[in-house]
Amino acid sequence: MSLQLTPEEITSAASRIVTAYSAMDDDAYFASFDPQATFIFHGTPERLTSRDDYEAQWRTWMSEGWKVISCHSSDPFIQICGTTAVFSHSVATTTEEQGQRTTTEERETIVFTRSGSSGILAVHEHLSLNTF
C-alpha cells in the first residue's frame, strides 16, 4: 500500500466524521480523531488541544441539553500532501438546545494523516461561521 493518501480515502474519512456527528455516535465520531488532534470552533473561546479536551466539551454541551438534529456537507475540496491531506467543505448543521432548533451555515477544514495501524485520522479541525 502506498503511504500517499488518495482523494477517495479522504472523502471516505470525512464522510465517516459527518455521518457519526450527525447521528451523535460519540464512539465512531471521536475514534476518527487522533488523540493529539486540535480543534478550533467559533463557539468555543479557547483552542481545544486534544481529543480528550473536545470530548469533555462535548459532554458539557450534551449536559446542557444540546444535540445534533442533522448535518449536511457540500462543496468539498481536497488537497493531498503525501501522507497528509486538507479537506474543506461547507456544512449546514441543525442543532437543538432546550427545545430551540438552530441551523448554522459554517465552513470547516479538517486535516487528515495516515496514522500507521489506526488508518486515516483527523489531526486538526477548524470550524468557522459562513458569513457570506
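Analysis parameters
- Residues numbered from 1 in each chain as written.
- Predicted model: local features only at pLDDT ≥ 70, side-chain atom pairs only at ≥ 80, totals over all residues.
- Heavy atoms only, no water.
- Pairing = 2+ DSSP bridges.
- Helix = DSSP H or I, 4+ residues; strand = E, 2+ residues; numbered from the N terminus.
- Salt bridge = Lys/Arg side-chain N within 4 Å of Asp/Glu carboxyl O.
- Buried < 20%, exposed > 50% of the residue type's maximum accessible area, 1.4 Å probe, protein only.
- Contact = heavy atoms within 4.5 Å.
- Phe/Tyr/Trp six-rings, centres within 6.5 Å; stacked < 30°, edge-to-face > 60°.

### Let's talk about the pairing of strand S4 (residues 100-114)
Then comes step 1: As judged from the 14 bridges shared by strand S3 (residues 84-97) and S4, these two strands associate in the antiparallel manner. Paired with Ala-92 across the two strands is Glu-105, which belongs to S4.
Then comes step 2: What sits between the antiparallel neighbours S3 and S4 is a turn of two residues, in which Gln-98 has the positive phi angle 55°.

### Here's the deal with the pattern of salt bridges
A side chain of one charge can pair with a side chain of the opposite charge if their charged atoms are brought near each other.
Then comes step 1: Within the structure shown, the criterion is met by four salt bridges.
Then comes step 2: In this structure, Lys-67 engages Glu-96 in a salt bridge whose closest nitrogen and oxygen atoms are separated by 3.8 Å. Taken together, the residues Lys-67 in strand S2 (residues 66-81) and Glu-96 in strand S3 connect sequence positions 29 residues apart.
Then comes step 3: Residue classification places Lys-67 among the partly exposed residues on the basis of a relative accessible area of 37%.
Then comes step 4: A salt bridge links Arg-101 to Glu-96, with the shortest nitrogen-to-oxygen separation between them at 2.8 Å.
Then comes step 5: One continuous salt-bridge network, built from bridges that share partners, spans Lys-67, Glu-96 and Arg-101.

### Observations concerning the side chain of Ser-70
Then comes step 1: The topology assignment puts Ser-70 in strand S2.
Then comes step 2: On the accessibility criterion, Ser-70 (18% relative accessible area) is buried.
Then comes step 3: Ignoring sequence-local partners within four residues, the contact set of Ser-70 consists of Ser-22, Ala-92, Thr-93 and Thr-94.

### Description of the packing of aromatic side chains
Then comes step 1: One pass over the structure, following the stated rule, counts 19 aromatic pairs.
Then comes step 2: Consider the rings of Tyr-29 and Phe-33, whose centres lie 5.3 Å apart with planes at 75°: the pair is edge-to-face. Of the two residues examined, Tyr-29 and Phe-33, each falls in the buried class.
Then comes step 3: Relative to Trp-61, the ring of Phe-41 has its centre 6.3 Å away and its plane inclined at 55°; by these criteria the two rings are tilted. With Phe-41 in strand S1 (residues 33-41) and Trp-61 in helix H3 (residues 51-63), this residue pair connects regions lying 20 residues apart in the sequence.
Then comes step 4: Members of the aromatic cluster, connected to one another through ring pairs, are Tyr-21, Tyr-29, Phe-30, Phe-33, Phe-39, Phe-41, Tyr-54, Trp-58, Trp-61 and Trp-66.

### Observations regarding the pairing of S2
Then comes step 1: Inspection of the sheet shows S2 paired to S3 by 13 bridges, in the antiparallel sense. Each residue of the ladder has a partner; that of Cys-71, found in S3, is Thr-93.
Then comes step 2: Turn length for the S2-S3 hairpin, with the two strands adjacent in sequence and antiparallel, is two residues, and the turn residue Gly-82 shows positive phi of about 70°.

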